[in-house]
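# Examination of the molecular architecture
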Amino acid sequence: MSNISVLTIDGPSGSGKGTISLLLAQKLGWHMLDSGALYRLVAFGAEKHQIDLQDEVKLADYARTLDVRFEQADDRDELATFLEGEDVTQGIRTETAGNAASKVAAIQVVRNALLARQRDFNQAPGLVADGRDMGTTIFPDAGLKIFLTASMEERADRRYKQLKGKGIDVSLPALLTEIAERDARDSQRTASPLKPAVDAIQLDTSNLSIDEVIQRVEQLCQQRFDIS
Ligand code: DC
């Protein structure tokens, strides 16, 4: 497996990973892996099929055979996501789905079940991989690894605006608590915890605009990859 043209973007919830990754994939003309969506889909599908979140064997079987399709379009600011033929692009973005995803993602057999599927995204001309363990576990030989951070308040505020913009009703204090809980669960678990790869470049985006982050990462891409 060649990982020469893989850019990994890891970081906690609300650090801007999703937006930055999609914009970069569009600019570079590369594929995009939204690995968080896979965990969200497993949790979402488990609820639909009444699979108990404690039943690790059934969850892993479901994850292994997950019937999902992503559609990436240059004129869309999100990846259209279909689970078993149904458009769940919005449905998997709720905080409830995110929290359930974070629980499912702590189960090692579920992570193993999604491993090969994630690596299959590594196709020419290149891949932008967004998640928590892209640089540490899934693509350890990636050509460029970025770890995005931002203060918890800034991340809660961004999430608030993002969800409001989509017409989803949320409260800022509740979001702050949820983000804190999710951070703790994602970084303290034993299975692929959220942490920067030793060779990752860390970027604090608290005081940076999306354009500024894109510019910095693009410069790094030009240094690392054979692109113009
Ligand atoms: O990035 P996101 O909010 O869509 O991710 C949802 C959850 O999935 C997140 O709480 C942690 C988990 N996740 C993970 O464990 N590993 C990844 N590579 C991506 C997401």
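Everything below is about the structure printed above this text.
Sequence order as written defines the numbering, with residues in each chain counted from 1. Only residues with pLDDT of 70 or above have their local features reported here, since the model is predicted, and side-chain atom pairs are shown and tallied only from 80 upward, although totals for entire chains, interfaces and linings are computed over all residues. To obtain the side-chain values, all non-hydrogen atoms of the structure were included, while hydrogens and water were left out.

### Comments concerning the overall build of the chain
Counted only if it meets this: Numbered from the N terminus, helices here are DSSP runs of H or I no shorter than four residues, and strands are runs of E no shorter than two. Each radius of gyration reported is based on C-alpha atoms, and the globular scaling rule is 2.2 Å times the count of residues to the power 0.38. Only protein chains enter the area calculation, which uses a 1.4 Å probe; residues under 20% of their type maximum are buried, those over 50% are exposed, and those in between are partly exposed. We call two residues contacting when some pair of their heavy atoms lies within 4.5 Å.
Helix and strand content of the chain: nine helices and eight strands. The C-alpha radius of gyration computed for the chain amounts to 17 Å, which stays within 12% of the reference 17 Å derived for 228 residues, consistent with globular compactness. For the chain, buried positions account for 49% of its 228 residues. Long-range pairs, those at least 24 residues apart, make up 74% of the contacts in the chain with a sequence separation of at least 6.

### Brief notes about the site of the ligand
The criterion, for reference: Any residue with at least one heavy atom within 4 Å of a molecule or strand is counted as near it. Pairs of N or O atoms within 3.5 Å make up the polar contacts considered here, provided that, within protein, one atom can donate a hydrogen while the other can accept it, and that residues adjacent in sequence are counted only when both atoms are side-chain atoms. For each structure, a 1 Å grid was placed over the protein atoms alone; sets of points admitting a 1.4 Å probe that cannot get out are labelled cavities, open sets with protein on both sides within 12 Å along at least five of seven lines are labelled pockets, and lining residues have an atom within 4 Å of a point. A cavity or pocket is said to hold a molecule if more than half of that molecule's atoms lie within 2 Å of its grid points. For this scheme, ten residues count as nonpolar: Ala, Val, Leu, Ile, Met, Phe, Trp, Tyr, Cys and Pro. Four count as charged, namely Asp, Glu, Lys and Arg, and the remainder, Gly too, count as polar.
As a structural note, the neighbourhood of the ligand is formed by 18 residues, with Arg-40, Arg-111, Arg-132, Asp-133 and Arg-189 the closest of them. Residue Arg-40 places a side-chain N or O atom 2.7 Å away from an oxygen atom belonging to the ligand. Contacts to the ligand include Arg-182, whose side-chain N or O atom sits 3.3 Å from an oxygen atom. Here the ligand occupies the largest pocket. Residue assignment for the shell around the ligand shows that the elements contributing at least two residues are helix 2 (35-48), helix 4 (95-104) and helix 8 (172-188). Grouping the constituent residues of the shell around the ligand by class yields four nonpolar, four polar and 10 charged.

### A look at the side chain of Gln-118
Looking at where Gln-118 falls in the secondary structure, it is placed in helix 5 (residues 108-119). For Gln-118, a relative accessible area of 0% puts it in the buried group. Not counting chain neighbours up to four residues away, the residues in contact with Gln-118 comprise Leu-33, Ser-35, Leu-38, Tyr-39, Met-134, Ile-138 and Phe-139.

### Thoughts on the packing of aromatic side chains
Rules: Stacked, tilted and edge-to-face pairs are distinguished by plane angle, under 30 degrees for stacked and over 60 for edge-to-face with tilted covering the rest, among Phe, Tyr and Trp rings (Trp via its six-membered ring) whose centres lie within 6.5 Å.
Applying the stated criterion across every chain yields a total of two aromatic pairs. Centroid distance Trp-30 to Phe-225: 5.1 Å. Interplanar angle 75°. Geometry classified as edge-to-face. Taken together, the residues span a long stretch of sequence, with Trp-30 in the loop between helix 1 (17-28) and strand 2 (31-34) and Phe-225 in the segment after helix 9 (210-224) at a distance of 195 residues. Residue classification places Trp-30 among the buried residues on the basis of a relative accessible area of 5%.

### Description of unusual backbone geometry
Note that the residue after Ala-124, namely Pro-125, is joined by a cis bond; omega there is 0°. Within the secondary structure layout, Pro-125 lies in the loop between helix 5 and strand 6 (127-131). Of note, Glu-84 is a non-glycine position whose phi angle comes to about 50°, a positive value. Assignment of secondary structure puts Glu-84 in the loop between strand 4 (80-83) and strand 5 (86-87). Of note, Ser-192 is a non-glycine position whose phi angle comes to about 40°, a positive value.

### Examining the pattern of salt bridges
This is how it is decided: The rule for a salt bridge is simple: a side-chain nitrogen of Lys or Arg has to be within 4 Å of a carboxyl oxygen of Asp or Glu.
A complete count under the given rule lists 18 salt bridges for this structure. With a closest N to O distance of 3.0 Å, Arg-64 and Asp-61 form a salt bridge. Placement of the pair is Arg-64 and Asp-61 together in helix 3 (residues 56-64), with a separation of three residues, close to one helical turn. The class for Arg-64 is partly exposed, based on a relative accessible area of 48%. Glu-78 is the partner of Arg-76 in a salt bridge, and the nearest nitrogen-oxygen pair spans 3.1 Å. You can call Arg-76 partly exposed: its relative accessible area is 32%. Ionic contacts of the salt-bridge type, sharing partners, join the residues Lys-48, Glu-84 and Glu-86 into one network.

### Section: the nonpolar core
Stated precisely, the cut-off is as follows: Among the buried residues, those of types Ala, Val, Leu, Ile, Met, Phe, Trp, Tyr and Cys that are joined through side-chain atoms within 4.5 Å form a nonpolar core.
Membership of the largest hydrophobic core comes to 33 residues, with the highest contact counts inside it found for Leu-41, Val-42, Leu-59, Leu-66, Val-110 and Phe-139. Elements represented by at least two residues in this core include exactly helix 2, helix 3, helix 4, helix 5, strand 6 and helix 6 (134-138). Among the elements that line this core, the one with the most residues is helix 2, at seven residues. Setting aside residues up to four positions removed in sequence, Val-110 forms contacts with Tyr-39, Leu-59, Ala-60, Ala-63 and Val-104. One finds Ala-25, Val-128, Leu-208 and Ile-214 within the second-largest nonpolar core, a separate group that totals 22 residues.

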